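As a plain string of letters, each chain reads:
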Amino acid sequence: MSAQDEVGFNSGMMAFGAKHFSRAMQILSTIAEKGNTDAMHRCAIMYQNGLGVAVNKDAAFRWM
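Just so you know, the residues in each chain are numbered from 1, in the order the chain's sequence is written. In keeping with the model being predicted, local features are shown solely for residues with a pLDDT of at least 70 and side-chain atom pairs are shown and tallied solely at 80 or more, while totals for entire chains, interfaces and linings include all residues. Remark: hydrogens and water are excluded; side-chain values derive from all non-hydrogen atoms of the structure.

What follows concerns the overall build of the protein chain. Only DSSP runs of H or I covering at least 4 residues are called helices, and only runs of E covering at least 2 are called strands; the numbering of each starts at the N terminus. In terms of helices and strands, the protein chain carries 4 helices and 0 strands. The helix and strand sequence of the protein chain, counted from the amino end, reads α-α-α-α. The size measure is the radius of gyration over C-alpha atoms, and the globule rule it meets is 2.2 Å times the number of residues to the 0.38 power. For 64 residues, the compact-globule formula gives about 11 Å, and the C-alpha radius of gyration of the protein chain, at 11 Å, lands near that figure. Taking the principal axes of its C-alpha atoms as reference, the protein chain extends roughly 30 × 25 × 15 Å. With a 1.4 Å probe rolled over the protein chains alone, any residue whose accessible area is under 20% of its type maximum counts as buried; one over 50% counts as exposed, and the rest are partly exposed. Counting the 64 residues in the protein chain, one finds 36% classified as buried. Contacts are assigned to residue pairs that have any heavy atoms within 4.5 Å of one another. Expressed as a percentage of contacts within the protein chain between residues at least 6 apart in sequence, the contacts between residues at least 24 apart total 30%. Where accessible areas are quoted, they stem from the Shrake-Rupley method and a 1.4 Å probe; at the residue level, only the protein chains shown are allowed to cover. By element, 53% of the accessible surface of the protein chain is carried by carbon and sulfur atoms, the whole surface being about 4,000 Å². In this charge count, Lys and Arg are treated as positive and Asp and Glu as negative; neither His nor the chain ends contribute. Working definition for charges: the position is that of NZ of Lys, CZ of Arg, CG of Asp or CD of Glu. When the 6 basic and 5 acidic side-chain charges of the protein chain are each reduced to a single mean position, those positions are 8 Å apart.

Put into structure tokens, the structure is as follows:
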């Protein structure tokens, strides 16, 4: 992971922890697209539970 991606990941995780899910999804989905499994897992959780996005079981499954 590049230094920029690491900073982004940490920022996304801070947003997730602060329950700013829309912002977390915005950041973490970009990192997840690059193959980061931790970001993928968080995206799956947000899609599964409708946190910051509409519930989307297909997207949740894809990220799992």
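Every case where a carboxyl oxygen of Asp or Glu lies within 4 Å of a side-chain nitrogen of Lys or Arg is listed as a salt bridge. Considering all chains together, one arrives at 2 salt bridges under this definition. Linking Lys34 and Asp5 is a salt bridge whose minimum nitrogen-to-oxygen distance equals 2.9 Å. Taken together, the residues span a long stretch of sequence, with Lys34 in the loop between α2 (21–33) and α3 (37–49) and Asp5 in helix α1 (residues 3–17) at a distance of 29 residues. Owing to a relative accessible area of 14%, Asp5 belongs among the buried residues under this scheme.

This part takes up α3. One less than the residue count of a helix, multiplied by 1.5 Å, gives the span that helix is expected to have. Over its 13 residues, α3 extends 18 Å from the first C-alpha to the last, a length consistent with the 18 Å expected when each residue adds 1.5 Å. Those residues of α3 that sit buried are Ala39, Cys43, Ala44, Ile45, Met46 and Tyr47. The opening residue of α3 is Asn36, an N-cap whose side-chain oxygen sits 3.0 Å from the backbone nitrogen of Asp38. Between N or O atoms, a polar contact is any pair within 3.5 Å; within protein, one atom must be a potential hydrogen donor and the other a potential acceptor, and residues adjacent in sequence are included only when both atoms are from side chains.

At a separation of 2.9 Å, a polar atom in the side chain of Asp5 contacts the side chain of Lys34. The residues touching Asp5, leaving out its near neighbours within four places in the chain, are Ile31 and Lys34.

Attention shifts here to the packing of α1 against α2. The relative placement of two packed helices comes down to the angle between their axes together with the axis-to-axis distance. Throughout, an axis means a line fitted to C-alpha atoms (over the contacting stretch in the case of helices), and angles, computed between N-to-C directions, take values from 0 to 180 degrees. At a minimum axis separation of 8 Å, α1 and α2 run at an interaxial angle of 150 degrees. The orientation of α1 relative to α2 falls into the category roughly antiparallel. The two elements α1 and α2 meet at a crossing, and its hand is left-handed. Side by side, α1 and α2 meet where Asp5, Gly8, Phe9, Ser11, Gly12, Met13, Ala15 and Phe16 of the first sit next to Phe21, Arg23, Ala24, Ile27, Leu28 and Ile31 of the second. Under this grouping Gly is polar, as are all residues other than the nonpolar Ala, Val, Leu, Ile, Met, Phe, Trp, Tyr, Cys and Pro and the charged Asp, Glu, Lys and Arg. By residue class, the composition of the contact of α1 with α2 is 9 nonpolar, 3 polar and 2 charged. Between 65 and 115 degrees an angle is taken as roughly perpendicular, under 35 as roughly parallel, over 145 as roughly antiparallel, and anywhere else as oblique. By convention the crossing between two helices is left-handed if the near helix lies anticlockwise of the far one by an angle smaller than a right angle, and right-handed if it lies clockwise.

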